[in-house]
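Residue-level structural notes
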Amino acid sequence: MFNFFKTRADLPVMDASPDKIRSIYRKYQWQVFLGLVLGYAMFYVVRMSLNVVKKPLLDAGIVTLDELGVIGSAFLFTYAVGKFSNGFLSDYANIGRFMSVALGASAVCTIFMGMNTATFFLVLMWGLNGWFQSIGSAPSCVSIFQWFSPKQRGSVYSIWGGSRNIGEGISWILTATVVSYFGWQAGFIGAGIASGIAAILMYLVLKDRPQTYALPEPAVAFGEEPEIAKKVEPAEIRRAQLFILKQPVVWLIAAACACMYMSRYAMSSWAVLYLQEQKGYSLIDAGFAMSAYPIAGFIGAILAGVISDKVFNANRHIPTLLYGLANIAGMCLMFWGPQSRMMDAVALSLIGYSIGGLVVFLAGLTACDLMPKTAVGAVKGFIGLCSYIAASGQELVSAALIETSVVDGVTHYDFSSAQYFWLGASVVSMLLAMTVWNAKKVVNY
């Protein structure tokens, strides 16, 4: 890493009363919390902009359906590789600098997307954007584990996990409205400008590790059992990172998450087009209908931590099963339920709610709870690699399964085959998640 992005050296713990230390901690925790939640939401405003403008791009003849699949796949492939490498790097990083610069670079790529129509350039810019977008999830998780004690972490992680739904909701409503009135270019440029402003704010409020501000680790500050007995050296971090790669439980959770991401990104990438083609929605109507998806997802993500902590005594597996069943039920209702907009809203809410919780559990919390704290970024990075390679492949497979036909000079799209693929991925994800039901936290490694 460039030295600018590396975490700073520890300072001696300040000589202050426990109450004073906790007061300083809470002030910084609020800054970190708001920076992560609002900043990560803006990562998704950038990311979802392409999904909103797919039909306008197709209608304008700028790209074909297959080219859209390549553009989406390029993003998700570079995102997958970036999640892995940047996840490992985030264990060594100054998170405030790492995340804010990445969002700023992503904003620039998105603005460029609205300034050109060459397919090669669109693939190049969206693929590069995928790399910068990958510096969002793992560093956020690392920062949460750095700044919040074990008893605070579950709730904070759940709310942060729901922040992506805020970004999706902004995209489905505001970006869709902007595109409808000002054209597809405005969708990219507007999202890029808004995210650039957010990047500046993130740089101002996000923090490096507590120890670089002369603070103890959060468990000590809040009177809980210490998680780290001694100063963690880079060699110890590397040992923990290599350890997690050898654990079958991490591979199984990664596989379950990969299948879930196939269905998740199928809905995020293709649902707007699906609603327009299969159900006769306009772009604005489809955008507003899809807004139920992230709103319910935000609720599902927040409740995931609360339900698992309070109802199931920190057992993540039981709610994972319940969320998985809800996801399958929502998809069945969406594809084969009664044809009405009310039923579509119920189905999208059910899918969004369940995906919100499943992302919290499968994409990080379950595995991070089980593995060493010093390798949280690596855990997130490895699961992200598997998940986004699967999501990238989904773009190509879905594009191939969606059948096209031309009637009176108008191109129509048939999702009859693709929807079985999306549902099947959800079922396999649930079955894989159940294979780690009895997994225990690693104490010695």
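Bear in mind the structure is a predicted one, so any value in this text is a computation, not a measurement.

To continue, consider the side chain of Q394. By the secondary structure assignment, Q394 is in helix α16 (residues 376–401). By relative accessible area, Q394 is classed as buried at 0%. Only 3.2 Å separates the side chain of Q394 from the side chain of E395, close enough to count as a polar contact. In this structure Q394 touches M262, Y265, A266, W270, F421 and W422, once residues within four positions along its chain are discounted.

This paragraph deals with the nonpolar core. Formed by 131 residues in total, the largest nonpolar core has its most connected members in L275, M371 and Y388. If you tally residues by element for this core, the top one is helix α11 (residues 248–278), at 17 residues.

We now examine the packing of helix α1 (residues 18–52) against helix α5 (residues 119–133). Between α1 and α5, the shortest axis-to-axis distance is 11 Å and the interhelical angle comes to 155 degrees. In terms of orientation, α1 and α5 fall into the roughly antiparallel class. Remark: the crossing between α1 and α5 carries left-handed chirality. Within the contact between the two elements, α1 uses F43, V46, R47, S49 and L50 and α5 uses W126, N129, F132 and Q133.

For the rest of this paragraph, the subject is unusual backbone geometry. The phi torsion of most residues other than glycine is negative, and most of the peptide bonds are trans. For A214, which is not glycine, the phi dihedral falls at a positive 65 degrees. Following the sequence through the fold, A214 ends up in the loop between α8 (184–205) and α9 (218–221). Relative accessible area serves as the criterion here: at 11%, A214 is assigned to the buried category.

Per the stated rule, a full pass over the model turns up eight salt bridges. Among the ionic pairs, D59 bridges to K55, the shortest N-O distance being 3.5 Å. Within this pair, D59 and its partner K55 are both found in helix α2 (residues 54–59), separated by four residues, close to a single helical turn. A relative accessible area of 57% places D59 in the exposed class. If you follow the salt bridges from partner to partner, you end up with K55, D59 and E277 in one network.

Here strand β1 (residues 403–407) runs beside strand β2 (residues 410–414); their pairing, made up of five bridges, is antiparallel. In the sheet register, T404 faces β2, and the bridge partner there is Y413. The turn linking β1 back onto β2 is made up of two residues, and D408 within it adopts a positive phi angle of 55 degrees.

Attention now moves to the packing of aromatic side chains. Remark: the centre distance and the inter-plane angle together describe each pair of aromatic rings, the angle taken between the planes. The final tally for this structure, using the stated rule, is 30 aromatic pairs. Considering the side-chain rings of Y274 and F335, the 5.8 Å spacing of their centres and the 70 degrees angle between planes classify their relative orientation as edge-to-face. Of this pair, Y274 sits in helix α11 while F335 sits in helix α14 (residues 317–336), and the two are 61 residues apart along the sequence. When the ring of Y274 is compared with that of F415, the centres are 5.2 Å apart and the planes differ by 80 degrees; the resulting orientation is edge-to-face. Of the two residues, Y274 sits in helix α11 while F415 sits in the loop between β2 and α17 (418–433), which places them 141 residues apart along the sequence. Ring-pair connections join several aromatic residues into one group, and the members of that group are F75, Y79, W126, W184, F188, Y261, Y265 and Y388. When the ring centre of Y213 is taken as origin, the NZ or CZ atom of R8, which lies over that ring, is 5.0 Å away.

For the pair helix α15 (residues 341–370) and α16, the least separation of the axes is 9 Å and the interaxial angle reads 145 degrees. Classified by chirality, the crossing of α16 by α15 is right-handed. Residues L362, A363, G364, A367 and C368 of α15 touch α16, and the partners they reach there are V376, V379, K380 and I383. Split into classes, the residues belonging to the contact of α15 with α16 amount to seven nonpolar, one polar and one charged.

Parameters at a glance
- Residues numbered from 1 in each chain as written.
- Predicted model: local features only at pLDDT ≥ 70, side-chain atom pairs only at ≥ 80, totals over all residues.
- Heavy atoms only, no water.
- Helix = DSSP H or I, 4+ residues; strand = E, 2+ residues; numbered from the N terminus.
- Buried < 20%, exposed > 50% of the residue type's maximum accessible area, 1.4 Å probe, protein only.
- Polar contact = N/O pair within 3.5 Å; in protein donor to acceptor, adjacent residues only side chain to side chain.
- Contact = heavy atoms within 4.5 Å.
- Core = buried A, V, L, I, M, F, W, Y, C linked by side-chain atoms within 4.5 Å.
- Axes fitted to C-alpha atoms, helices over the stretch in contact; angles between N-to-C directions.
- Parallel < 35°, antiparallel > 145°, perpendicular 65-115°, else oblique.
- Left-handed = near helix turned anticlockwise from the far one by under 90°.
- Salt bridge = Lys/Arg side-chain N within 4 Å of Asp/Glu carboxyl O.
- Pairing = 2+ DSSP bridges.
- Phe/Tyr/Trp six-rings, centres within 6.5 Å; stacked < 30°, edge-to-face > 60°.
- Lys NZ or Arg CZ within 6 Å of the ring centre and 35° of its normal.
- Nonpolar A, V, L, I, M, F, W, Y, C, P; charged D, E, K, R; others polar.

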